[in-house]
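Structural features, examined
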Amino acid sequence: MAVGSRYILLISTDGHLYSWGTNDHRQLGLGKASDPVRRATRVGTRSDWATVVARRAYAGPAALSDYTPASAGIDSDGTLYLWGSNATALLGTGEEGLERELQATPAPV
């Protein structure tokens, strides 16, 4: 289980990933921004998640109250997946800016 700022990621015993909580930056990996998700909801169809991380990173030194949530997971083969906000280049795509890219589902890096 990984606990972010106002959201949770959980790997079930059968290897599926579930998420719930706020989803304003698509940090739940459910495909689109939505109102808070109040029940554990399965993320995609993968059933080989090994670990997940939920993080809160600040958007800049002057905005310490502003956060940019991003999530990460590794599958059983060791592939790294990232999703959520890319406001401070958290996703490693080479682009930066919250409005430029919100990764709505887990994407391999």
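Presented here is a report on the structure given in the accompanying data block.

1. Side note on the overall build of the protein
Along the protein, the regular secondary structure elements total 0 helices and 8 strands. Taken over 109 residues, the protein has a buried fraction of 39%. Within the protein, contacts between residues separated by at least 24 positions form 41% of all contacts whose residues are at least 6 apart in sequence. Counting every atom, the protein has about 6,000 Å² of accessible surface; 51% of that belongs to carbon and sulfur.

2. Some remarks on the packing of aromatic side chains
If you walk through the whole model with that rule in mind, you get 2 aromatic pairs. Here Trp49 and Tyr81 contribute two aromatic rings whose centre-to-centre distance is 5.3 Å and whose plane-to-plane angle is 65°, an arrangement assigned as edge-to-face. A residue pair is termed long-range when its members are at least 10 positions apart, and Trp49 in strand E5 (residues 49–58) and Tyr81 in strand E7 (residues 80–85) qualify at 32 residues. Note on Tyr81: relative accessible area 9%, which makes it buried. Clustering of aromatic rings is evident, with ring pairs tying together Trp49, Tyr81 and Trp83. When the ring centre of Trp49 is taken as reference, the NZ or CZ atom of Arg46 above it lies at 5.9 Å.

3. Considerations on the environment of Thr41
Inspection of the secondary structure assignment puts Thr41 in strand E4 (residues 37–42). Between the C-alpha atoms of Thr41 and Gly29, which are 12 residues apart in sequence, the distance is 9.9 Å. Apart from the residues within four sequence positions on either side, Thr41 is in contact with Leu17, Tyr18, Ser19 and Leu30.

4. Focus on the environment of Leu28
Relative to the elements of secondary structure, Leu28 occurs in the loop between strand E3 (17–21) and E4. By relative accessible area, which is 0% here, Leu28 ends up buried. If sequence neighbours within four positions are ignored, Leu28 has contacts with Tyr7, Ser19, Trp20, Gly21, Thr22, Asn23, Val37, Val43 and Trp83.

5. Concerning the pattern of salt bridges
A side chain with one charge can pair with a side chain of the opposite charge if their charged atoms come near. According to the stated counting rule, one finds 2 salt bridges in the structure shown. Asp48 is paired through a salt bridge with Arg46; the nearest N and O atoms lie 3.0 Å apart. For Arg46, a relative accessible area of 29% corresponds to the partly exposed category. One network of salt bridges, with partners in common, ties together Arg46, Asp48 and Asp75.

6. Details of unusual backbone geometry
If you check the backbone angles, Arg6 has positive phi at about 75° while not being a glycine. Here Arg6 shows up in the loop between strand E1 (2–3) and strand E2 (7–11). One non-glycine residue, Arg26, lies in the positive phi region at around 65°. With respect to the secondary-structure elements, Arg26 resides in the loop between E3 and E4.

About the thresholds
Residues numbered from 1 in each chain as written. Predicted model: local features only at pLDDT ≥ 70, side-chain atom pairs only at ≥ 80, totals over all residues. Heavy atoms only, no water. Helix = DSSP H or I, 4+ residues; strand = E, 2+ residues; numbered from the N terminus. Buried < 20%, exposed > 50% of the residue type's maximum accessible area, 1.4 Å probe, protein only. Contact = heavy atoms within 4.5 Å. Areas by Shrake-Rupley, 256 points an atom, 1.4 Å probe, with all protein chains shown as cover. Phe/Tyr/Trp six-rings, centres within 6.5 Å; stacked < 30°, edge-to-face > 60°. Lys NZ or Arg CZ within 6 Å of the ring centre and 35° of its normal. Salt bridge = Lys/Arg side-chain N within 4 Å of Asp/Glu carboxyl O.

These figures come from the coordinates and say nothing about function on their own.
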